[in-house]
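In case you want the letters, here they are:
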Protein chains: 6
Amino acid sequence: MTGVGATRRITVVNPNTSDALTATITAAARAVAPVGTTLVGVHPDAGVPSVESHAEEAVAAVGVLQVVRDHDADTDAFVVACFGDTGVAAARELATGPVVGMTEAALQTACLVAHRFAVITLPPRTIAHTDRVVAALGLAHRCTVAAVDVAVLDLEDGAAAELAAFTREGRRLVADGAEAIVLGCAGLAELVEPLGRALGVPVIDGVAAAVGLAAGLLAQGLTTSTAGTYARIAHPGPVLTTTTTATAGEH
Amino acid sequence: MTGVGATRRITVVNPNTSDALTATITAAARAVAPVGTTLVGVHPDAGVPSVESHAEEAVAAVGVLQVVRDHDADTDAFVVACFGDTGVAAARELATGPVVGMTEAALQTACLVAHRFAVITLPPRTIAHTDRVVAALGLAHRCTVAAVDVAVLDLEDGAAAELAAFTREGRRLVADGAEAIVLGCAGLAELVEPLGRALGVPVIDGVAAAVGLAAGLLAQGLTTSTAGTYARIAHPGPVLTTTTTATAGEH
Amino acid sequence: MTGVGATRRITVVNPNTSDALTATITAAARAVAPVGTTLVGVHPDAGVPSVESHAEEAVAAVGVLQVVRDHDADTDAFVVACFGDTGVAAARELATGPVVGMTEAALQTACLVAHRFAVITLPPRTIAHTDRVVAALGLAHRCTVAAVDVAVLDLEDGAAAELAAFTREGRRLVADGAEAIVLGCAGLAELVEPLGRALGVPVIDGVAAAVGLAAGLLAQGLTTSTAGTYARIAHPGPVLTTTTTATAGEH
Amino acid sequence: MTGVGATRRITVVNPNTSDALTATITAAARAVAPVGTTLVGVHPDAGVPSVESHAEEAVAAVGVLQVVRDHDADTDAFVVACFGDTGVAAARELATGPVVGMTEAALQTACLVAHRFAVITLPPRTIAHTDRVVAALGLAHRCTVAAVDVAVLDLEDGAAAELAAFTREGRRLVADGAEAIVLGCAGLAELVEPLGRALGVPVIDGVAAAVGLAAGLLAQGLTTSTAGTYARIAHPGPVLTTTTTATAGEH
Amino acid sequence: MTGVGATRRITVVNPNTSDALTATITAAARAVAPVGTTLVGVHPDAGVPSVESHAEEAVAAVGVLQVVRDHDADTDAFVVACFGDTGVAAARELATGPVVGMTEAALQTACLVAHRFAVITLPPRTIAHTDRVVAALGLAHRCTVAAVDVAVLDLEDGAAAELAAFTREGRRLVADGAEAIVLGCAGLAELVEPLGRALGVPVIDGVAAAVGLAAGLLAQGLTTSTAGTYARIAHPGPVLTTTTTATAGEH
Amino acid sequence: MTGVGATRRITVVNPNTSDALTATITAAARAVAPVGTTLVGVHPDAGVPSVESHAEEAVAAVGVLQVVRDHDADTDAFVVACFGDTGVAAARELATGPVVGMTEAALQTACLVAHRFAVITLPPRTIAHTDRVVAALGLAHRCTVAAVDVAVLDLEDGAAAELAAFTREGRRLVADGAEAIVLGCAGLAELVEPLGRALGVPVIDGVAAAVGLAAGLLAQGLTTSTAGTYARIAHPGPVLTTTTTATAGEH
C-alpha cells in the first residue's frame, strides 16, 4: 500500500489470540500514532492465548506469518507486539513494508534516554527470550533483564493490579544503577505513567516505541533489505488449525 | 521410556517433510549409534519441503513440536536434524528426555578437535541462522560461517554432486586458518570422507555429532533442566494443516 | 517548551560552523519531519569548519553545548548532526528534552531493516570515531565500518560528486554481506536515492533517522533520564572564542 | 591403536599423583563408558599431589605429557581429568587420538540441558582457571563460576563430606538463575545424585561428560586436526624428577 | 624536545583549573619519576573547577588541547591526570611525544598485579566515564567499576578525609573478588598507602602509573602513530574564554 | 631484595635454553633499563631450545618456575621474555616482586600509541598462543594477529635476515589499518628500527616494553596481589631433568 495515498496504515500484530490484550495493545499504539496514520490491531485466528514459553512462541510465530500474509496488501508497516519479537525475522521475509518488533524498539529507545537500563519481563521463565533479543542487538553491557512472577493472562483485566510488583522490582533495579525501565510485555502501557512517577526514571512501553520507529521508517521510505538474510519469499503454505487442541489438553 | 529396558531409543527429527532427506539423515545417524541404541528417523506430516528461510523455519518448528508430542512416549532422546536447530528450545519444554540440535552438536565437536574452524552452510541467505547458534554458544571468536550457493532440495539426490563446491570453499577457509570444517546442513554425511581427504582437516557432520552427544547424555542420566527457561509445558495445541498450501502457492 | 502548544520543535545542531552544510542538513531533516513539527537548523558561532579529528571534535562539542544552552528554552528535542555523535552525552545533561545523535539513529535504523550492514564514513582517519559509537551500542557483530577518502568540506558543494566513490565502496561491502548501507557523515542525504538504486539495498541517512526517533520520543513523552549518568547540570560556563585562530593557523 | 579391533580404549589421565583420586575418577568414568570400551585410569609418576594453583598446574601439565607419550600407542582417546583442563592443548599435539578435557566437556554438556548454569569449583583461588576455559569456549554469558572453600586433597576420603557445602552454594546459584550445576573438580562423581536431588536441577560431572564426548569422537572417526594450532610434534624431551622436592619443601 | 639533552621532561596536565589539585597531582607524579626526568604540572587557564559530568569533560578537553599546544615544544611526554582520560585522543593528534591517560595507565597496571580488580571512582554519575575507558581497553571481564559519593572538589583539602568511604567500598569489592583497587580520580595518591594497608591488596594511583608508562615509552623512543586514527593535525583554533561564566551561573 | 639499596635488579627470564637468544634478549632489555637498575638475563638449565608449541610451552613453564625459585631472593622484578607469556601466571604465585610478560607488555604499549595494531608472531602455529594473551587482556577488537613462516631458532644468528619477511607482512597489515606493529617473539629487537623506518609506524619489542613496565611497578612499590588468584605458594617441588631427551628423540 506504500504511497497510494496521504494516509499510512500500521498494522499491530498481537501474536496471541486474546481479544482483550489486542484491544489494550491497539489503544496504546493509537495513543502515539502520528497524524495521518491509521492504526489497526489484529491477532491470528488460531494460536495460543499467551506466549510464555518457546513452544507457545513457535506456534504464535506461525500465526504472525498468517496475519502478515492476510494483511500485507493494505499495510504500510507491521508492528509485532509480543516481548521476544515472536516471528519478526520471518515476517520480514513476507511483508512488503518494514516490520518492527516491540522488544527491539523498546531496547533501542532505552539507549536514547539512559546509559544503563533494565527490562522487567514476565513470567521469569521468559527471561531467556528477552536475552535473545538483547544479544541480537548487542546490548548486554547496558541492559539487565529481570522478571516479575506474573502470568500474561493476568493482564487481560488490566495491568494496574501489577503496579506494586513492578514498582518493587523497579526500585531494586534503579538502586542497582538502572536509569530507565523497559516494560517487558505487551499490554502494560497503563503502567508507564504511574511506574515512572514511582521510580523517577523513564518507563518505556515497546508497543509505543515500535509505532514511533515504524512511522520513522515510513517517513524515510525504508523497508527491509531484500539482499541476503531477509530476501523475500512466499508464505510457506501450512497454517495452524486448532482442531487438535483437545488432544493437546489431554497431554 | 527412560530405564524401561536395556535398549535406548534416539529419535532423529528431520524438520522438513522430505522422505529422501529423512532416509539419508537416518542412515548417517545409525552409522555412529552406539551398541544397544535403536535409532528412528521421522519427519512431520505437514510442513515445508526444506528450511531455507526464517518463515520456513517458523513452520518447521511447529512440525518438530508435533513430532516430539507424538514420539515422546517411546523416545529416550531426540536429535533435531536441521542446521539452525529449528525448534530445539521449544522441543526441550515438551520432551521427557534430552534434545540435541545438530548445529550445537557440530560446533561443540569442532571445538574438541580444532582451535579455529568454519561452517559451510547453504544457501547463503541462511548464514544468519547459523550465526544465531554460534552466538548462543559464544563461539564467534573461533568460528567463521560461510556458504555455498546450493539449495537444500538439491541434496535429495545425494550430496556427492556438491563435493566440488564444498572443496572449493573449504580450501579457501583452510587457507584462512580454519582447522576443521562443519557441514552446515543435514543430509551431507557422504561428504565427510571425501571432503576430509581433499582438505586434510577433520570434517564434521552435525547429525553424527548429535547422536554421540545424545548417547552420552543418556549414559549420564541427564535430561533438560526443568528449572527456569525450559520448564515443562503441555503441547500448545494448534498444529499445522496443509490445506491452504494451494493458496500460499498463489501468493 | 514541552507541551506549550500543538506544535513540536526539533532543533538540528550542526556541530561545525559551515552555513552550507547546515542548510543541506536542515533540508534533509525537514523532508522527513512529521506533520505538526517545526524543524530548525543551527550551528555554533565559534568552532571548526568540519570535524575530521578528535581535536576538532573536542572543540565542536563545546559548540554543541553552547547551542543547547541558547536554544533549550524553545526546543522540544535536539538532533546532533555529526557522525561520531559529537557532544551528545554532554548535551543530554543540559537539554530539557531528548537528544538524538545521527550516528546512533542510523545504526539503530539499520538494525530494523538488515541483519548485517556497513557504514561508509569519511575521511578514513575518522573510522575510530564511528567505532566508538558502534561499540557503545554493542553492534560490532552486525556492522562493518569503512571509509572513502573524501574531506567533509568537499561536501559543501553538494554530495553528488561523491556518488561514484560511495558506489564503489558500497558494492564491495554488499558483496561482503552488507544488507544495508549507512551514510557516515551529515550532508549526504542526496546520495540516499541514487546510491540505493545503484546498490539495491536500503541506504540510511542518520539525520533523517534521528528526526524520526526524536519525533517518536516526543510522541511518547520521553526525555533523558535524570538518574545517574545524565543527571541535569548547568552549562559549565566557559565558551569558545575564535580570536586565537590566527595563532593556531601558524602552528 | 585406532581400528585394530572391536574394542576402544579410553585412557583417563589424572594429572595429580594421588592414587586415591585416580581410583575414584576411573570408577566414575567406567560407570558411563559405552559397551565395547575399555577404560584405564593413570597418573604421572612425578608431579604434584593436587592442582590448586598455576604453579602446580604447570608441573602437572608436564606430567600429562609424559602419560600421553607413554600410553599413546595403546590408547584410542584420552580424557584429562582435572578442572582447568591441565595440559589438554599440549596433549593434543602429541596424541594420535582425540583428547577431551573434563572442563570443556562439562561446560558443553551443561549447554545442552540448561540455558544458564554455574560451576562450583574449589578452592576459591582456582576460579581464574575455570574462567580461562569458560572464556576459551565463549560461555561467559551463560555460565557463572563460584567456589567452595575445600581443598582438593580433602576429597581423597570421598566427596560425601562436602555435600553440605555444595548444597549451600548450589542453592544460592539456583536462586540466582542457574538451571544446572557443574561440579568443578574431578573426584566428585558421588555428589551427582544427592546434589541433584537436593537442588532439583541437573548436576554434571565433567569426567563422565568427557567419556561420552570421547566415545562420540571415536564413533565418528574424528581426531585432533593437524592443521595449524595442534600440528603434531614429538615429545619435547625433558621430564619431571622429584628429587628436589625436599628442597622445595624448605622454600 | 626529544633528544635535546640527557633530561626528559614529562608534563602532567590537570584538566581542571584547581591549583590545589594540580599541586597534589604533581607531587604524586614526582614521587615516582625516574632519575633524569623533569616533571612539570600544569592546568588550563580557562575551564572548569572539576570534571564530574560529560559537559564539564567537554569543556576540560578543550583546555587540555590548549595546554598541549602551549607546552609541546618543551615536553617529551604528556600525562593527562583526570579519570576518564579527558581529551587524551585529541591530545595525541597534537603532541609530538606520547600522551598517556591516567585511567588507561591505572587499568593496564592493575592487569599486571591482579586477575580481577575494581575501580572506585567519584561521584557515582561518572561511572559511565570509567566504563568508556574500560570498554576501549576491553577490560570489562576483569574490572568492576564502583563509586563513592564524594565530590571532586572535596579533595582539594586532601584525600585523607575520604579514607573511610574508600575503605568501606573497597572491603565490599575485595569480598566480591577484587584483587586490586584502582583509585578512580586524580588527587588521591595519599590514599594509596593507608587503603592498601586496610584492604591487604595493591592500590593503584593512575597518575603514578601513567608517569611510569610515559617514562617507558620515552626509553623505547616510542610516540603516537601518525598512521590513521591519530594522524597529526594543527590545533583547531578556537580556545576557551570564561567571560560568559556569569551568564552560565544564572542558568 | 626490595628496598635493600639504591639499585633495583630486574631478572629477565628467557624460557628456552638458548644462550644466544638469552644474550640478544638481555642486550635489548639493558638498552632501555632506567638509571639505577641492574638487569640480568637467565634461562633454565633444562628445557627446550625454543617454544613453538603448547607442549614445548608446558615444559618451558616449569623451567621458568625453577628460575624464579632460584633467583627470587636477589630479584626485585621478573620479566618473562617469550611470546605467549610462558609461565607468567605461575611465576606470580612464587615471586616476591612483580612479574611482567613480554606479550602483555607489548600489547598494552601498543594501546598507548595506536588505536588499532597488529602482532607479527612466528611460526604460524603459535598464533593461538598470542590469541590467548590478546583474549586475556580483552584486546581482540583492536589487535590483529598474523605470523611469518620463520622458526624461532632461525633467530639465533640474528633477526636481520627476517627483515624482508616482516616488512612484507607488516605492509599488508598497515594497509589493512594497523597503526603499530608488535614483534611477536623475543630476540627481534634489532628489527625495531629498520622495520619502523620501512613501515612508517611504531614497532614494539615486548622485552623493552616489559622492562619499562617492571621499572614503573617498582617505582610505585607495587607487586602481585596475594588475594585470590595469585596467592603465594611454595615451589611445587618437581623440576625438569633432561636425561630422557634421547628417548624422546626416538619418539
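Residues numbered from 1 in each chain as written. Chains lettered and ligands numbered in written order. Predicted model: local features only at pLDDT ≥ 70, side-chain atom pairs only at ≥ 80, totals over all residues. Heavy atoms only, no water.

In the annotation of an unreviewed UniProt entry, the entry for chain A reads Allantoin racemase, and the organism field reads Microlunatus kandeliicorticis. Among the UniProt annotations of chain A, the heading Sequence similarities (unreviewed entry) holds the following wording: "Belongs to the HyuE racemase family." (UniProt positions renumbered as here; feature names shortened; annotations may be inferred.)

Peer 1: Explain the overall build of chain A to me, using residue names and the numbers behind them.
Peer 2: Scanning chain A from N- to C-terminus turns up nine helices and nine strands. For a compact globule of 251 residues, the expected C-alpha radius of gyration is about 18 Å, and chain A comes in at 17 Å, within 12% of that figure. Total accessible area on chain A stands at roughly 7700 Å², and carbon and sulfur atoms take up 52% of it. (Helix = DSSP H or I, 4+ residues; strand = E, 2+ residues; numbered from the N terminus. Rg over C-alpha atoms; globule rule 2.2 N^0.38 Å. Areas by Shrake-Rupley, 256 points an atom, 1.4 Å probe, with all protein chains shown as cover.)

Peer 1: Can you explain the arrangement of the chains? Please cite residues and give values.
Peer 2: Regarding chain C and chain D, which are not in contact, the minimum distance between any of their C-alpha atoms is 14 Å. At no point do chain A and chain F touch; the closest pair of C-alpha atoms across them sits 14 Å apart. (Contact = heavy atoms within 4.5 Å.)

Peer 1: So what about the relation of the copies chain B and chain A? Which residues, and what values?
Peer 2: Superposing chain B onto chain A takes a rotation of 180° plus a shift of 0.0 Å along the axis, which leaves an RMSD of 0.0 Å. When the rotation and shift are considered jointly, the pair of chain copies conforms to a two-fold rotation axis. Minimal C-alpha distance to the rotation axis in chain B is attained by Leu240(B), lying at 2.3 Å. Looking at chain B, 100% of its interface residues are interface residues in chain A too, so the copies touch through the same face. (Least-squares fit on C-alpha atoms with pLDDT ≥ 70 in both.)

Peer 1: So, the pattern of salt bridges: which residues are in play, and what are the values?
Peer 2: Applying the stated criterion to the full structure yields 48 salt bridges over all chains. In this structure, Arg92(B) engages Glu104(B) in a salt bridge whose closest nitrogen and oxygen atoms are separated by 2.6 Å. One end of the pair, Arg92(B), is in helix 3 (residues 88-94); the other, Glu104(B), is in helix 4 (residues 102-113), and 12 residues separate them in sequence. Look at Glu104(B) and you get buried, because its relative accessible area is 8%. Here Asp70(E) makes a salt bridge to Arg69(E), at a shortest N to O gap of 3.9 Å. (Salt bridge = Lys/Arg side-chain N within 4 Å of Asp/Glu carboxyl O. Buried < 20%, exposed > 50% of the residue type's maximum accessible area, 1.4 Å probe, protein only.)

Peer 1: Now, about the side chain of Thr241(D): what can you tell me, with residues and values included?
Peer 2: Mapping Thr241(D) onto the fold places it in strand 9 (residues 239-241). Among all residues touching Thr241(D), those that are not within four sequence positions of it are Pro238(F), Val239(F), Leu240(F) and Thr241(F).

Peer 1: Mind laying out the sheet that holds strand 3 (residues 77-80) of chain A, listing which residues take part and the relevant values?
Peer 2: All names here are of chain A. Here we have four strands laid out as an open sheet, ordered 2-1-3-4, and parallel in their pairing. Bordering the open sheet on either side are strand 2 (37-42) and strand 4 (99-101), each of which pairs with just one other strand. On average, adjacent strands in this sheet sit at an angle of 20° to one another, irrespective of strand direction. As paired strands, strand 3 and strand 4 are joined by three bridges and run parallel to one another. Among the inter-strand pairings, Val80 is bridged to a residue of strand 4, identified as Gly101. Contacting strand 1 (8-13) and strand 2, helix 1 (residues 19-30) runs over the sheet at an angle of about 165° to strand 2. (Pairing = 2+ DSSP bridges. Axes fitted to C-alpha atoms, helices over the stretch in contact; angles between N-to-C directions.)

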